[in-house]
Amino acid sequence: MTHAGVLWSSLPLPALVLGQDNIIVDVNPTAEDFLNLSRKSLISAPVWDKVMIDAPLESAFARARNDHSSLFVNDVDVGSGERPPMQCNVQIAPLNDADDNMLLLISPREISSRVSNSNSSKTAARSAIGMAEMLAHEIKNPLAGITGAAQLLSMGLTPEDQELTDLIVAESRRIVALLDQVEQFGNLRPPELKPVNIHDVLDRAHKSAAVSYGAHMTIIEDYDPSLPVTLGDADQLLQVLLNLLKNACEASKGGAGTIRLRTYYEQSLRLRRKDGSGNSLPLQIEIIDDGPGLPDDIAADIFEPFISGKENGTGLGLALVSKIIADHSGWISVDSVPGRTVFRISLPVAPKEAAG
């Protein structure tokens, strides 16, 4: 058996190779066990007849195949006709072989059901963040060893046999990137509050987006020049605006679109806390895009950790945005329908003594 054959047989995750027309051409033993189906019953069968995934993947999978790119989908139920569904993460990636085969990799989450109560979900997500913060460093060290070992092993393989070692390296790097985001979420320093002209920050964000991920978009400024300054951390507020602008640009899925940056003053808006206290938040910033809108099933929880509307999303970007705005004694909300999504940030005015 070749090195690649040994790696394929010992791969601890269920894996299937899909040929043209999404026919299963190979499966590893772990996939047989996971699906509770034999190799004989799986080979030559259409994959969606044997692998039941509770998500509309067909169009996204077709794009990944046509573009020769990878597809990641998190937190979906996966099962078969012979076993109940289990919550998993799913990856579909090209194998770069002569037959243009695709690899379907299933990562079970080892939980039997979704948590239906939203409060319990939020508590569990925050607990997961805290646990990940403690373990991130320890996880990164063995991942570095695994990546290095896979790279060394690949040096002795033929190009055809390097596909699985390349997959190990790519997945290890993806996990490290996710852990970096988790650490950033947990280690964000308190904001250094100083008088900030929000239009200066918007201008920096606009220029940054226009020369990078937003080059294909039309970005319109609709500002109220009379807005007073707020009390904030300019760098952290820039991070918020860049994140929201990037999301708005990605909503167009590479096509042309329009983003409107709007500011205005609304004296009536106040944030009232559970203890009865509150403060006025009259400074309004809106990032408005004309994309397809947020999925209905996640719109209410979009600022919670691990909730994402992206195929490859980690669900930490908007959670970090929400945390930063809360640290600025502000509020962020979203209103989304197909063709119009509005992220609205509400901030307090800097006290007169701070504004100088």
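As a reminder, the structure under discussion sits directly above these lines.
Before going into details, it helps to say that this report is about the structure given with it. Since we're looking at a predicted model, the values are computed, not measured. (Residues numbered from 1 in each chain as written. Predicted model: local features only at pLDDT ≥ 70, side-chain atom pairs only at ≥ 80, totals over all residues. Heavy atoms only, no water.)

**Side note on the packing of helix α9 (residues 234–250) against helix α10 (residues 317–327)**
- Here α9 crosses α10 at 145°, and the two axes come no closer than 10 Å. Crossing hand, α9 versus α10: left-handed. Two secondary-structure elements touch here, α9 through Gln 236, Leu 237, Gln 239, Val 240, Asn 243, Leu 244 and Asn 247 and α10 through Gly 317, Leu 318, Leu 320, Val 321, Ile 324 and Ile 325.
- A per-class count over the contact of α9 with α10 returns eight nonpolar, five polar and no charged. (Axes fitted to C-alpha atoms, helices over the stretch in contact; angles between N-to-C directions. Helix = DSSP H or I, 4+ residues; strand = E, 2+ residues; numbered from the N terminus. Left-handed = near helix turned anticlockwise from the far one by under 90°. Contact = heavy atoms within 4.5 Å. Nonpolar A, V, L, I, M, F, W, Y, C, P; charged D, E, K, R; others polar.)

**Overview of the packing of aromatic side chains**
- By the definition in use, this model includes one aromatic pair.
- Ring geometry for Trp 48 against Phe 61: centres 5.9 Å apart, planes inclined by 90°, an arrangement best described as edge-to-face. A residue pair is termed long-range when its members are at least 10 positions apart, and Trp 48 in helix α4 (residues 47–50) and Phe 61 in helix α5 (residues 58–67) qualify at 13 residues.
- Judged by its relative accessible area of 22%, Trp 48 is partly exposed.
- According to the relative accessible area criterion, Phe 61 is buried, its value standing at 1%.
- The side chain of Arg 262 reaches across the aromatic face of Tyr 264, ending 4.0 Å from its centre. (Phe/Tyr/Trp six-rings, centres within 6.5 Å; stacked < 30°, edge-to-face > 60°. Buried < 20%, exposed > 50% of the residue type's maximum accessible area, 1.4 Å probe, protein only. Lys NZ or Arg CZ within 6 Å of the ring centre and 35° of its normal.)

**Considering the pairing of strand β10 (residues 257–265)**
- Pairing of strand β8 (residues 217–222) with β10 involves six bridges; the strand directions are parallel. Each bridged residue has a counterpart across the sheet, and for Asp 222 the counterpart in β10 is Arg 262.
- As paired strands, β10 and strand β13 (residues 283–289) are joined by seven bridges and run antiparallel to one another. Within the sheet, the bridge partner assigned to Ile 259 lies in β13 and is Asp 289. (Pairing = 2+ DSSP bridges.)

**Points about the sheet that holds β10**
- Spatially, the five strands line up as an open sheet ordered β8-β10-β13-β15-β14, and their pairing is mixed. Lying at the two open borders of the sheet, with one neighbouring strand each, are β8 and β14 (331–337). Ignoring strand direction, the axes of neighbouring strands in this sheet form an average angle of 15°.
- With seven bridges joining them, β13 and strand β15 (residues 340–347) adopt antiparallel strand pairing. Counterpart to Ile 287 in the pairing with β15 is Phe 343.

**Here's the deal with the environment of Leu 318**
- Tracing the chain through its elements places Leu 318 in helix α10.
- For Leu 318, a relative accessible area of 12% gives the class buried.
- A sequence separation of 78 residues divides Leu 318 from Val 240, and the C-alpha atoms of the two residues are 8.5 Å apart.
- When near neighbours in sequence (up to four residues on either side) are disregarded, Leu 318 contacts Asn 243, Leu 244, Asn 247, Ile 302, Phe 303 and Phe 343.

**Topic: the sheet that holds strand β5 (residues 83–94)**
- Taking strand neighbours across the sheet as the criterion, the six strands line up as β2-β1-β6-β5-β4-β3 in an open arrangement whose pairing is antiparallel. A single partner strand is all that each edge strand has here, and the edge strands are β2 (24–27) and β3 (52–53).

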